Amino acid sequence: MTARGVCWATTSNPTSGSHSSNGTGTGSFTSEITGLTPNTLYHVKAYATNRLVLAYGTEVTFTTTPIVLATLTTTIVSAVTLTTAVSGGNVTADGGGAVTARGVCWATTTAPTITNSLTTDGTGTGSFTSNLTLLLPATTYYVRAYATNSAGTAYGNEILFTTDR
């Protein structure tokens, strides 16, 4: 065998276009297929060639997983003053799609969303810190971390705190 690998497409009978090159010779091999679109059906065939013949294996199909909401937690509120506090969050999984915005949102009613007051604290996964400002003294607030990807906005656990008097 002078070449071998797999070819793939979103239509049946993939024989050209996207393909891997996995060396030469006989025996089993493994191909890593990257750059696929989420929630999409793909058709895959192995191929092998020598100087005279190009042969294909049996076609198999698989569907890539869809992008889902990110997974995250809200950091405990600290450094509470009359008009400020510190919180944040930890985005532990991006759901298969890039996290394009993250931060915390807060309100004086339960279940705050990004339509309420919010911080913007970068992108991606991992921990972040948020400075809540312009709070009212002696007021109870509800805070949740948020993370947005192409599936939508996910929220962390809700934390209740009261500013100083």
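Going by the structure above, here's the rest.
The structure presented is a predicted model; accordingly, all values stated were derived computationally and were not measured.

A. Representation of the side chain of serine 20. Of note, serine 20 is situated in the loop between strand S1 (3-9) and strand S2 (41-49). Within polar-contact distance, the side chain of serine 20 engages the side chain of serine 31 at 2.9 Å. Leaving out residues up to four positions away in the same chain, serine 20 has contacts with Arg4, Gly5, Val6, Trp8, Ser31 and Tyr47.

B. Spatial organisation of the nonpolar core. In terms of nonpolar packing, the biggest core is built from 18 residues, with Val91, Val104, Trp106, Leu132, Leu135, Val143 and Phe161 touching the most fellow members. Put simply, the parts of the chain that give this core at least two residues each are strand S6 (85-93), strand S7 (101-107), strand S9 (126-132), strand S10 (140-149) and strand S12 (159-162). Sequence-distant contacts of valine 91, defined by excluding residues within four places in its chain, comprise Ala70, Thr71, Leu72, Val99, Arg102, Gly124, Thr125, Gly126, Phe128 and Ala147.

C. Local environment of the packing of aromatic side chains. For the structure on display, the rule yields two aromatic pairs. Between the aromatic rings of tyrosine 42 and phenylalanine 62, the centroid separation amounts to 5.7 Å while the plane-to-plane angle is 20 degrees, which identifies the pairing as stacked. Placement of the pair is tyrosine 42 in strand S2 and phenylalanine 62 in strand S4 (residues 60-63), with a sequence separation of 20 residues. The buried category is assigned to tyrosine 42, whose relative accessible area is 6%.

Reading the values: rules and limits
Residues numbered from 1 in each chain as written. Predicted model: local features only at pLDDT ≥ 70, side-chain atom pairs only at ≥ 80, totals over all residues. Heavy atoms only, no water. Helix = DSSP H or I, 4+ residues; strand = E, 2+ residues; numbered from the N terminus. Polar contact = N/O pair within 3.5 Å; in protein donor to acceptor, adjacent residues only side chain to side chain. Contact = heavy atoms within 4.5 Å. Core = buried A, V, L, I, M, F, W, Y, C linked by side-chain atoms within 4.5 Å. Buried < 20%, exposed > 50% of the residue type's maximum accessible area, 1.4 Å probe, protein only. Phe/Tyr/Trp six-rings, centres within 6.5 Å; stacked < 30°, edge-to-face > 60°.

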